[in-house]
Amino acid sequence: MPKSIFSEVEKQAESATAAKASWRGVLSIDIPSLGLGSVEYHLRAAKAHGNLQPVHLIKIDKKTGREVVSREVPVMYRYKEGPSGERVDVAEVSRDEARKYVRYKTDFLISVKSERRYFLRTELETAGKWVEVPADRIIDKQDGEEVEPFDRTTKIEVEKDGFVPLERLSEYKFKEVYQIGPDTDKKVKETASRVKQLARYLLEKQTALVSFFSWGRGYQYYTSVIYPYERKDGRLWLLMGMSEGILVLDDAWALADEKEGERLPAVPVAAKKKAKVQIAK
């Protein structure tokens, strides 16, 4: 059984050279109602990539400037039981201290749980020494610059240049698409008519809104593209697509006449405003 075009195209690796065809086959069409009689096209296909690059960070001990790594390790605590069985006087102890508490049968009990801790990378990976670094001394760096994570987006701010024609939506590499509706909570007092009016206005102007969006604390963020969609039956939606970047289309594959028109600029992407991190959009 032949493999699908999609599984074959997905194997196409990114390259600085022109994209190579990873599928060849025949497109057969017979749709008289669209004016397309029985016809065949011999085609080839190459994957179109997105421009979003992975975030590469290293963790540094800000006191020494040395790189650290995180590991899940067992941590021991001594504690006493309160009147209702609750744990009181809890404190972390070393293995030797824990042995003493158990050996001499003190009032303290011992518990063990797994926690993520930080250790000097070179000592751990080359000499097997577990030199711990306190969490409050750890910072993140990217390309030598200290960076901070994004917080969850609660207000979508569209700047003066944050818009794009609807005809160019296909250039975004959407991961997910969400349906937007009015928040009917009495404290907010939003109405369906106002949201519908916005969707109608964007549809009339054939325009989508572009902004920054982060789902939660971290270094990955999206370009949110808010746009209207009207179906032929009259149903209207306001949608928000989460873009992981824009499609990088290879000029060598453009279906152009001998005389090409003026090249359009890339569609806009979200501006970084909530952190210092430097990542591709």
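Residues numbered from 1 in each chain as written. Predicted model: local features only at pLDDT ≥ 70, side-chain atom pairs only at ≥ 80, totals over all residues. Heavy atoms only, no water.

Undergrad: Please explain the overall build of the protein as it appears in this structure.
TA: In terms of helices and strands, the protein carries 4 helices and 15 strands. A burial count over the protein gives 28% of its 281 residues as buried. As presented, the protein carries roughly 20,100 Å² of accessible surface, and 50% of it is formed by carbon and sulfur atoms. (Helix = DSSP H or I, 4+ residues; strand = E, 2+ residues; numbered from the N terminus. Buried < 20%, exposed > 50% of the residue type's maximum accessible area, 1.4 Å probe, protein only. Areas by Shrake-Rupley, 256 points an atom, 1.4 Å probe, with all protein chains shown as cover.)

Undergrad: Got a minute to help me understand the packing of aromatic side chains in this structure?
TA: When we look at a pair of aromatic rings, we describe it by the centre distance and by the angle of the planes. For the structure on display, the rule yields 10 aromatic pairs. A centroid spacing of 5.0 Å and a plane angle of 65 degrees characterise the contact between F150 and Y221, whose relative ring orientation is edge-to-face. Separated by 71 residues along the polypeptide, F150 in the loop between β10 (145–147) and β11 (163–165) and Y221 in the loop between β13 (207–213) and β14 (222–230) bring together distant segments of the chain. In this structure, F150 and Y221 share a single accessibility class: buried. Each ring, one from F212 and one from Y221, has its centre 4.9 Å from the other, and the planes form 15 degrees; the classification is stacked. Here the two residues F212 and Y221 agree in accessibility, since each one is buried. (Phe/Tyr/Trp six-rings, centres within 6.5 Å; stacked < 30°, edge-to-face > 60°.)

Undergrad: Just to check I follow, could you spell out the pairing of strand β1 (residues 23–31) for this structure?
TA: In regular strands, side chains alternate between the two faces of the sheet. Bridging between β1 and strand β2 (residues 36–45) involves 8 bridges; their strand directions are antiparallel. What sits directly across from S28, in β2, is E40. In textbook terms, the turn of a hairpin is the stretch between consecutive antiparallel strands, and for β1 and β2 this stretch comprises 4 residues, one of which, G35, has a positive phi near 75 degrees. (Pairing = 2+ DSSP bridges.)

Undergrad: How should I be thinking about helix α4 (residues 192–205) in this particular structure?
TA: Owing to its 3.6 residues per turn, the α-helix aligns residues three or four sequence positions apart on the same side. Taking 1.5 Å of rise per residue, 14 residues should cover 20 Å, and α4 covers 20 Å from first to last C-alpha, within 8% of that figure. Listed in full, the buried residues belonging to α4 are V195, A199, L202 and L203. Down the axis of α4, the smallest arc covering the buried residues is 100 degrees, so these residues share one side. Facing away from the buried side of α4, by more than 90 degrees, are the exposed residues S193, R194, Q197 and E204. Packed against the buried residues of α4 are β13, β14 and β15 (236–248). Q206 lies just past α4 and shows a positive phi near 55 degrees. (Expected span 1.5 Å × (residues − 1). Arc of directions from axis to C-beta. Contact = heavy atoms within 4.5 Å.)

Undergrad: Explain the pairing of strand β7 (residues 109–120) to me, please; I cannot follow it from the model alone.
TA: Where strand β5 (residues 67–81) lies against β7, 12 bridges are found, and the strand directions are antiparallel. Bridge pairing in β7 links E72 to R116.

Undergrad: For this particular structure, what's the right way to read the pattern of salt bridges?
TA: This model, assessed by the stated rule, comprises 17 salt bridges. Close ionic contact of D96 with R99 constitutes a salt bridge, the shortest N to O distance being 2.7 Å. Taken as a pair, D96 and R99 lie in helix α2 (residues 95–103) at a separation of 3 residues, close to a single helical turn. In this pair, the class of D96 matches that of R99, namely exposed. Connected through salt bridges with shared partners, the residues E92, K113, E115, R117 and E132 form a single ionic network. (Salt bridge = Lys/Arg side-chain N within 4 Å of Asp/Glu carboxyl O.)

Undergrad: Where do I start with the nonpolar core in this structure?
TA: Generally speaking, soluble globular proteins have nonpolar side chains that are buried together. In terms of nonpolar packing, the biggest core is built from 12 residues, these being V164, L166, L169, Y172, L203, A208, V210, V225, Y227, L239, I246 and V267. Sorting the residues of this core by element identifies β13, β14 and β15 as the ones contributing at least two each. Residue contacts for Y172: discarding those within four places in its chain leaves V164, V210, T223, V225, S243, G245, I246, L247, V267 and P268. L202, F213, M240 and M242 belong to the second largest nonpolar core, which has 9 residues in total. (Core = buried A, V, L, I, M, F, W, Y, C linked by side-chain atoms within 4.5 Å.)

Undergrad: Whenever I open this one, unusual backbone geometry confuses me. Can you help?
TA: A negative phi holds for most residues other than glycine; trans holds for most peptide bonds. The phi angle at D89 is positive, at roughly 55 degrees, despite the residue not being glycine. Among the secondary structure elements, D89 is positioned in strand β6 (residues 87–93).

Undergrad: Is there a simple way to think about the side chain of E123 in this case?
TA: Note that E123 resides in helix α3 (residues 121–127). Among the polar contacts made by the side chain of E123, one reaches the side chain of R66 at a distance of 2.6 Å. (Polar contact = N/O pair within 3.5 Å; in protein donor to acceptor, adjacent residues only side chain to side chain.)

Undergrad: Would you explain the confidence of the model for the protein in this entry?
TA: Low-confidence regions, as indicated by low pLDDT, have predicted coordinates that should not be scrutinised in detail. Summarising the model, the protein shows a mean pLDDT of 84, and 88% of its residues fall at 70 or more. When the criterion is pLDDT under 50, residues 274–281 qualifies, and its contacts beyond four places in sequence or with other chains add up to 39 contacts. (pLDDT = per-residue confidence, 0-100.)

Undergrad: Even after reading the chapter, I still don't get a nonpolar patch on the surface, so can you show me in this structure?
TA: Side chains of L27, Y41 and L43 sit close together on the surface and give an oily, nonpolar patch of about 250 Å² of accessible area. By the element assignment, Y41 lies in strand β2. (Patch = residues over 30% accessible without salt bridge, like charges linked within 9 Å, V, L, I, M, F, W, Y side chains within 5 Å.)

Undergrad: Could you clarify how one ought to interpret the environment of Y222 in this entry?
TA: Looking at the element boundaries, Y222 is found in strand β14. With relative accessibility at 10%, the residue Y222 sits in the buried group. In contact with Y222, not counting residues within four places along its chain, are K175, S211, F212, F213, W215, M242, S243, E244 and A270. A polar contact is formed between the side chain of Y222 and the side chain of K175, at a distance of 3.5 Å.

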